[in-house]
Amino acid sequence: MKNMSLEKIAQACGGVYHGSEEMKQSIVESITTDSRQAAKGCLFVAIPGERVDGHDFIPSVFEKGALAVLSEKELANPAGPYIQVASSLEAVKGIAEYYRQQLDIKVVGITGSVGKTSTKEVIASVLAQKYNVLKTLGNFNNELGLPLTVFRLRDEHQIAVLEMGISHFGEMHRLAKVARPDICVITNIGQCHLEFLKDRDGILRAKTEIFDFLKEDGCIILNGDDDKLDTIEEVKGIKPIFFGVEGQRPVYADEIESLGLSGIACTIHADGESIRVTVPIPGGHMVLNALAATAVGRALGLTMQEIKAGIEALEPVGGRFHIINHGDIQIIDDCYNANPVSMKASLDVLRDAKGRKVAILGDMGELGENEEQMHAEVGYHAAKNKIDLLICTGKISSHMAEAAMANGGCGEVLQVPTMEALLTCLPSLIQSGDTVLVKASHFMHFEKVVKKLQEI
Ligand code: ATP
Ligand code: MG
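Values in this document were obtained by computation on a predicted structure and should not be read as measured data. (Residues numbered from 1 in each chain as written. Chains lettered and ligands numbered in written order. Predicted model: local features only at pLDDT ≥ 70, side-chain atom pairs only at ≥ 80, totals over all residues. Heavy atoms only, no water.)

## Thoughts on the UniProt feature "domain: Mur ligase C-terminal" (unreviewed entry) in the chain
- Mapped onto this structure's residue numbering, the UniProt feature "domain: Mur ligase C-terminal" (unreviewed entry) falls at residues 319-441.
- The span residues 319-441 shows a helical share of 38% and a strand share of 25%, and its end C-alpha atoms are spaced 11 Å apart. (UniProt positions renumbered as here; feature names shortened; annotations may be inferred. Helix = DSSP H or I, 4+ residues; strand = E, 2+ residues; numbered from the N terminus.)

Below, the structure written as structure tokens:
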């Protein structure tokens, strides 16, 4: 890792180096918090977790060839050098901030209430047509995941596409300090994390902390269809580039055509050029994500042909509208997460599916005091979309079921209170030819439902 000597690392995190003078200039080859991934030449960061304490693994990582460890505790007889810090988590951010600034790369930082991972995947797929790209793996988007992603950067990378997720004020400021984005993308200002951020204006304020460390010659890319983002006129003298499907934004799409579960086609326009593109993942929201990627691609000098190739090469991520063909049922595995906006978007795709349309929906978390109303709205939406069988599981989902029943549009509505009951009755509810949408907030563990469906 470029310029990452133990001495520099200790300085970057305000830690105290314990070890020999000659080892001080040794360069670490990687940084990890997972003792199982500790390898020769690495710096192992011991983090005291809720269940396991990383400090317990210090002897074993030295045995695996670790160069040094970072520890919150004083170590009696360590088998190698160590850096002592007050907080490993704080230290990791300081080290990542220092490392990022050693690298001559462009960083694209992506935030927003919904669609960060999905947008990150399209942006990375597009930029990979021209550059060597490193992207956040999975959902490593928080104050630990982001630094760990930064540590994976090497000299050969030209661009980092980083997902940045928050739930509190001040958090994005700290993430941005680490990432130092050249390009900031905000997908939307929705209704997640209302518990801490109060209302959409609070969310807007919290997310726009991403601009605090934006480079002077940086670029801001915003969803212009979002009424809150649309109010941003200028930041540090930089005018945002808006994308959207409502009206002719600098980057926009029209002639949108659903291809059912195979995806969605559209014509994308940017800088006076137009191109027909097939986004291989369904849902109107994927058009917006593709537009965000187009705007980033244009900012980094890609041709429309390269952008199209990148969008069309996109691969689905597990749990996010991943279509699984199992026997003669089609499962829409969207179990990774949910909120009112994404629930409605997924129900809209299900509406166009063939066969019997089944939606297995669970509770959505972190919605604050209006959570019952927001669940009811999803129920109304299911009814409006004439879902044949709506199954609602969880505590607050009863409001979804009641609203759907009151509206009368669904063929059948079932309220199944617990996961256990749901898994038991599932085989008797599913018929051949069904298309089954599975969606709930992460804490509901609806991956169990997807697994069960694959056993039917
Ligand atoms: P998290 O906060 O958990 O990291 P995220 O912001 O990364 O979530 P994704 O995992 O990309 O969001 O998507 C969550 C859900 O929202 C998925 O079901 C996906 O289909 C849907 N979705 C993706 N992009 C958008 C979008 N631009 N607008 C609305 N819904 C979207
Ligand atoms: Mg995510």
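## What to know about the coordination of the magnesium ion (ligand 2)
- Around the magnesium ion (ligand 2), the donor atoms from the protein are Thr117 (OG1), Asn139 (OD1) and Glu163 (OE), and they sit 2.0 to 2.2 Å away.
- The sequence pattern formed by the donor residues of the magnesium ion (ligand 2) is T-x21-N-x23-E. Separated by 22 residues along the polypeptide, Thr117 in helix H4 (residues 116-127) and Asn139 in the loop between strand S7 (133-135) and helix H5 (145-151) bring together distant segments of the chain.
- Among the residues examined, Asn139 registers a relative accessible area of 28% and is labelled partly exposed. (Donors = N, O, S within 2.8 Å, 3.2 Å for Na, K, Ca; no water. Buried < 20%, exposed > 50% of the residue type's maximum accessible area, 1.4 Å probe, protein only.)

## A closer look at the packing of H4 against helix H10 (residues 304-312)
- With their axes 7 Å apart at the nearest point, H4 and H10 run at an angle of 130 degrees to one another. In this view, H4 runs oblique relative to H10, as classed from their interaxial angle. Of the two elements, H4 crosses H10, and the hand of that crossing is right-handed. Contact residues: Val122, Ser125 and Val126 in H4; Ile307, Gly310 and Ile311 in H10.
- Of the residues in the contact of H4 with H10, the class split is four nonpolar, two polar and no charged. (Axes fitted to C-alpha atoms, helices over the stretch in contact; angles between N-to-C directions. Parallel < 35°, antiparallel > 145°, perpendicular 65-115°, else oblique. Left-handed = near helix turned anticlockwise from the far one by under 90°. Contact = heavy atoms within 4.5 Å. Nonpolar A, V, L, I, M, F, W, Y, C, P; charged D, E, K, R; others polar.)

## So, the site of ligand 1
- In the region of ligand 1, 19 residues are neighbours, and Thr117, Ser118, Arg320, Asp334 and Lys439 sit closest.
- Take Asn141: an N or O atom from its side chain is 3.4 Å from an oxygen atom of ligand 1.
- Separating an oxygen atom of ligand 1 from a side-chain N or O atom of Lys439 is a distance of 2.5 Å.
- A total of 630 Å² of accessible area belongs to ligand 1 in isolation, and the protein chains cover 92% of it.
- Only H4, helix H9 (284-299) and helix H11 (340-351) provide two or more residues apiece to the shell around ligand 1.
- Sort the elements by how many residues they give to the shell around ligand 1 and H4 lands first, with three residues.
- Class assignment for the residues of the shell around ligand 1 results in three nonpolar, 11 polar and five charged.
- Built from parts of two domains, the shell around ligand 1 gets at least three residues from each of domain 2 (103-312) and domain 3 (322-453). (Near = heavy atom within 4 Å. Polar contact = N/O pair within 3.5 Å; in protein donor to acceptor, adjacent residues only side chain to side chain. Areas by Shrake-Rupley, 256 points an atom, 1.4 Å probe, with all protein chains shown as cover. Domains from an automatic or database assignment.)

## Let's talk about the pattern of salt bridges
- Applying the stated criterion across every chain yields a total of 27 salt bridges.
- In this structure, Lys93 and Glu143 form a salt bridge, with 2.5 Å as the shortest nitrogen-oxygen distance. In this pair, Lys93 is assigned in helix H3 (residues 88-102) and Glu143 in the loop between S7 and H5, connecting sequence segments 50 residues apart. Just as Lys93 is buried, Glu143 falls in that class too.
- Overlapping salt bridges bring together Glu90, Lys93, Glu143 and Arg174 as one network. (Salt bridge = Lys/Arg side-chain N within 4 Å of Asp/Glu carboxyl O.)

## Re the side chain of Asp225
- You can see Asp225 is positioned in the loop between strand S10 (219-223) and strand S11 (241-244).
- Within the buried core, Asp225 has no salt-bridge partner, and the shortest N-O distance to an opposite charge, that of Arg249, equals 4.6 Å.
- Setting aside anything within four residues of it in sequence, one finds Asp225 in contact with Phe243, Gly244, Val245, Glu246 and Leu288. (Lys, Arg positive; Asp, Glu negative; His and termini not counted.)

## Quick notes on unusual backbone geometry
- One non-glycine residue, Asn3, lies in the positive phi region at around 60 degrees.
- Take Asn3: it is sitting in the segment before helix H1 (6-13).
- A positive phi angle, close to 55 degrees, is found at Lys386, a residue other than glycine.

## Describing the sheet that holds strand S19 (residues 412-416)
- Strand order in this open sheet of six strands is S15-S16-S20-S17-S18-S19, and the pairing throughout is mixed. Two strands close off the open sheet at either side, each with one partner strand: strand S15 (322-326) and S19. Neighbour-to-neighbour, the strand axes of the sheet open up by a mean angle of 15 degrees, direction not taken into account.
- As defined by bridge partners, strand S17 (residues 357-362) adjoins strand S20 (residues 435-439) across five bridges and the pair is classed as parallel. The partner of Leu361 across the bridge, within S20, is Lys439.
- Contacting S17, strand S18 (389-393) and S19, helix H13 (residues 398-407) runs over the sheet at an angle of about 160 degrees to S19. (Pairing = 2+ DSSP bridges.)

## Topic: the layout of surface pockets
- Volume-wise, the second largest pocket comes out at about 760 Å³.
- What lines the second largest pocket is a set of 27 residues, among which Thr32, Thr33, Asp34, Arg36 and Leu148 lie closest to the centre.
- Residue assignment for the lining of the second largest pocket shows that the elements contributing at least two residues are strand S2 (30-32), strand S3 (42-45) and H5.
- Of the residues forming the lining of the second largest pocket, the biggest block, four residues, is contributed by H5. (1 Å grid on protein atoms, 1.4 Å probe; cavity = no way out; pocket = protein on both sides within 12 Å on 5 of 7 lines; lining within 4 Å. Points joined across faces, edges and corners; volume = space filled by probe spheres on them.)

## As for the packing of aromatic side chains
- Applying the stated criterion across every chain yields a total of zero aromatic pairs.
- Looking at Arg249, its charged tip hangs above the ring of Phe242, at a distance of 5.4 Å from the centre.
- Sitting over the ring of Tyr336, Arg320 keeps its end group 3.9 Å from the ring centre. (Phe/Tyr/Trp six-rings, centres within 6.5 Å; stacked < 30°, edge-to-face > 60°. Lys NZ or Arg CZ within 6 Å of the ring centre and 35° of its normal.)

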